[in-house]
Protein chains: 2
Amino acid sequence: MSGCLYIVGLGPADEKWLTLEAQEALAQAQDIIGYDPYVARVPMRPGQTRLASDNRVEIDRAREALARTAQGRVVAVVSGGDPGVFAMAAAVFEAVDHGPKEWRALDIRVLPGVSAMQAAAARLGAPLGHDFCAISLSDNLKPWSVIEKRLEHAARGDFVIALYNPASRARPTRIADAFALLRRLLPGETLVSFAKAVGREKEEIILTRLDEADTSLIDMSTLVVIGASGTKRIAREGARDWVYTSRKAE
Amino acid sequence: MSGCLYIVGLGPADEKWLTLEAQEALAQAQDIIGYDPYVARVPMRPGQTRLASDNRVEIDRAREALARTAQGRVVAVVSGGDPGVFAMAAAVFEAVDHGPKEWRALDIRVLPGVSAMQAAAARLGAPLGHDFCAISLSDNLKPWSVIEKRLEHAARGDFVIALYNPASRARPTRIADAFALLRRLLPGETLVSFAKAVGREKEEIILTRLDEADTSLIDMSTLVVIGASGTKRIAREGARDWVYTSRKAE
């Protein structure tokens with residue numbers, strides 16, 4: 001029997017963001033492997049094995065999934081959002097790259113999903129409507145100087161910036177450091193949005209400006225969007241303003 | 001009766017990338033509005049009005065959708081990929097921003113979808129596994145100098161770069177100009193991928209390097225991914241190599 005490894009994007013939080021392809025793979029899989037809260041989002045099916053693990057053991061989890069696939073099992077590794085964006089797909093291919101040669105012959109399929117920044121953007125309006133970048137503020141695997149360099153070029157290039165992993169219990173001051181850097185390079189009136197727990201019960205959207213943004217409001221569930229020069233706010237009465245990035249630039 | 005405007009992402013090409021939310025909105029809509037090939041992808045339903053138009057009339061299409069919503073109709077504006085990424089959501093909010101004040105009171109909902117770069121990344125492996133940016137090479141609405149500036153900062157910031165709209169009948173040399181700029185800034189061995197018509201019958205993936213890339217192979221259906229320093233290629237026998245971006249950086 002030949003195994004298959006699906007790397008499945010569950011989308012951010014709400015089941016309605018699941019694709020048809022992802023649903024089918026989850027129904028077929030014999031083993032569901034992932035970070036605990038993501039595994040918990042997969043509907044239970046009789047006979048399926050579920051292996052939930054901690055957030056910080058991505059490579060171990062990837063190896064376990066690959067080993068089971070090599071034994072002929074149909075395995076689904078699940079990620080919130082899109083597995084290809086700051087998630088399990090890179091961890092699986094990294095494990096393949098450094099693992100036994102047989103793993104290169106496996107049938108591995110990445111099934112894309114709606115990423116956190118897309119769900120956040122949808123709630124805000126259309127802030128990613130023009131050139132943008134996505135930067136993870138986690139310095140677990142890269143030095144802070146690399147993150148600073150990327151923030152600086154993102155600001156100087158006038159990109160809309162989506163910040164992933166903006167808060168960490170281990171390094172709570174990093175987000176303030178990032179904002180201090182951006183404040184040196186961008187105008188104070190630059191639009192800033194915090195999209196918290198999008199699609200979940202505690203969803204909250206905060207619209208502010210770079211010079212007034214209170215970074216203490218940012219937690220691990222927050223996707224931060226820093227506007228570009230073309231990002232505009234549409235004032236509304238009795239409803240939250242919309243944010244979009246004009247497709248025009250001067 | 002109160003209208004509603006859904007801005008719906010159909011995902012790239014294949015129906016299996018549609019979300020549950022998008023399916024429901026398409027089933028409810030009285031009017032389906034969009035660029036002709038996207039409207040053609042929506043299953044026909046009795047009683048639904050379909051307004052297909054040309055690619056270049058995005059703002060007219062947005063205004064038509066808003067006017068119908070203001071009349072109390074349930075309208076779906078459809079985009080390929082994610083409507084929030086280089087697509088109709090920004091056009092709709094731009095039309096609201098410059099339109100009659102009543103439009104600001106409308107019920108407008110953006111329904112995110114899998115974007116072209118995510119589908120391309122899924123086919124390639126995990127090239128967007130770490131910090132990346134997305135740049136449209138279309139200079140219909142912005143001067144080429146802005147695109148050059150963004151390409152330069154993206155390269156200097158060591159971002160993975162996804163290029164949207166890389167080819168245009170009106171300006172066929174732009175993609176060669178972009179590659180010439182990138183070749184001055186990045187090493188020749190930088191991994192480059194062309195993902196053509198992903199999810200469609202004529203899907204084709206080309207893996208190459210910056211110094212060897214043949215830009216004449218790029219057409220309007222191509223999503224171009226330029227690797228960063230951490231982007232690696234996993235050699236395979238009898239199958240296409242995988243490309244992923246390591247989560248680590250030095």
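Residues numbered from 1 in each chain as written. Chains lettered and ligands numbered in written order. Predicted model: local features only at pLDDT ≥ 70, side-chain atom pairs only at ≥ 80, totals over all residues. Heavy atoms only, no water.

Where an unreviewed UniProt entry is consulted, chain A appears under the name Precorrin-3B C(17)-methyltransferase, with the organism given as Methylocystis iwaonis. On record in UniProt, under Pathway (unreviewed entry), the comment for chain A is "Cofactor biosynthesis; adenosylcobalamin biosynthesis." (UniProt positions renumbered as here; feature names shortened; annotations may be inferred.)

A. Broad picture of the interface of chain B and chain A. Each partner contributes to the interface: chain B provides 73 residues, whereas chain A provides 73 residues. When chain B packs against chain A, the two sides together hide about 6,400 Å² of surface, and 57% of this comes from carbon and sulfur. Where chain B touches chain A, the interface holds 14 salt bridges. Its salt-bridge partner being Asp131 of chain A, residue Lys142 of chain B comes within 2.5 Å of it at the nearest N-O pair. Scanning the region where chain B abuts chain A turns up 42 residue pairs in polar contact (both at pLDDT 80 or more). Per-element accounting of the side of chain B that touches chain A gives the leading share, seven residues, to helix 4 (residues 88–97) of chain B. Counted by class, the side of chain B that touches chain A contains 37 nonpolar, 15 polar and 21 charged residues. (Contact = heavy atoms within 4.5 Å. Buried area = accessible area lost by both parts, 1.4 Å probe. Salt bridge = Lys/Arg side-chain N within 4 Å of Asp/Glu carboxyl O. Polar contact = N/O pair within 3.5 Å; in protein donor to acceptor, adjacent residues only side chain to side chain. Helix = DSSP H or I, 4+ residues; strand = E, 2+ residues; numbered from the N terminus. Nonpolar A, V, L, I, M, F, W, Y, C, P; charged D, E, K, R; others polar.)

B. The arrangement of the relation of the copies chain B and chain A in detail. Structural alignment of chain B on chain A gives an RMSD of 0.0 Å, achieved by rotating through 180° and translating 0.0 Å along the axis. What the superposition gives is, in effect, a two-fold axis relating one chain to the other. Looking at chain B, 100% of its interface residues are interface residues in chain A too, so the copies touch through the same face. (Least-squares fit on C-alpha atoms with pLDDT ≥ 70 in both.)

C. Geometry of the pattern of salt bridges. Counting across every chain of the model gives 41 salt bridges over all chains. The shortest N-O distance in the salt bridge between Asp219 of chain A and Lys196 of chain A comes to 4.0 Å. On the criterion of sequence distance, the pair formed by Asp219 of chain A in the loop between strand 10 (204–209) and strand 11 (222–226) and Lys196 of chain A in strand 9 (residues 191–196) is long-range, its members being 23 residues apart. Residue Asp219 of chain A is classed as partly exposed on the basis of its relative accessible area of 31%. Among the ionic pairs, Glu203 of chain B bridges to Arg123 of chain B, the shortest N-O distance being 2.6 Å. One end of the pair, Glu203 of chain B, is in the loop between strand 9 (191–196) and strand 10 (204–209); the other, Arg123 of chain B, is in helix 5 (residues 116–124), with 80 residues separating them in the sequence. (Buried < 20%, exposed > 50% of the residue type's maximum accessible area, 1.4 Å probe, protein only.)

D. View of the sheet that holds strand 4 (residues 74–79) of chain B. All names here are of chain B. Pairing is parallel across the open sheet formed by five strands, whose spatial order is 3-2-4-1-5. For this open sheet the edge positions go to strand 3 (49–53) and strand 5 (108–111), each flanked by a neighbour on one side alone. Each neighbouring strand pair of the sheet contributes to a mean axis angle of 15°, computed without reference to strand direction. As paired elements, strand 1 (residues 4–9) and strand 5 share four bridges and run parallel to each other. Paired with Val8 across the strands is Leu111, a residue of strand 5. Along the sheet, helix 1 (residues 20–28) contacts strand 1, strand 2 (31–35), strand 4 and strand 5; its crossing angle with strand 1, the most-contacted strand, is approximately 135°. (Pairing = 2+ DSSP bridges. Axes fitted to C-alpha atoms, helices over the stretch in contact; angles between N-to-C directions.)

E. Structural context of unusual backbone geometry. Residues and elements named next belong to chain B. Non-glycine residue Phe86 carries a positive phi angle of around 50°. Among the secondary structure elements, Phe86 is positioned in the loop between strand 4 and helix 4. A residue is classified by how much of its surface remains accessible, and Phe86, at 17% relative accessible area, is buried. One non-glycine residue, Ala197, lies in the positive phi region at around 50°. Tracing the sequence through the fold places Ala197 in the loop between strand 9 and strand 10.

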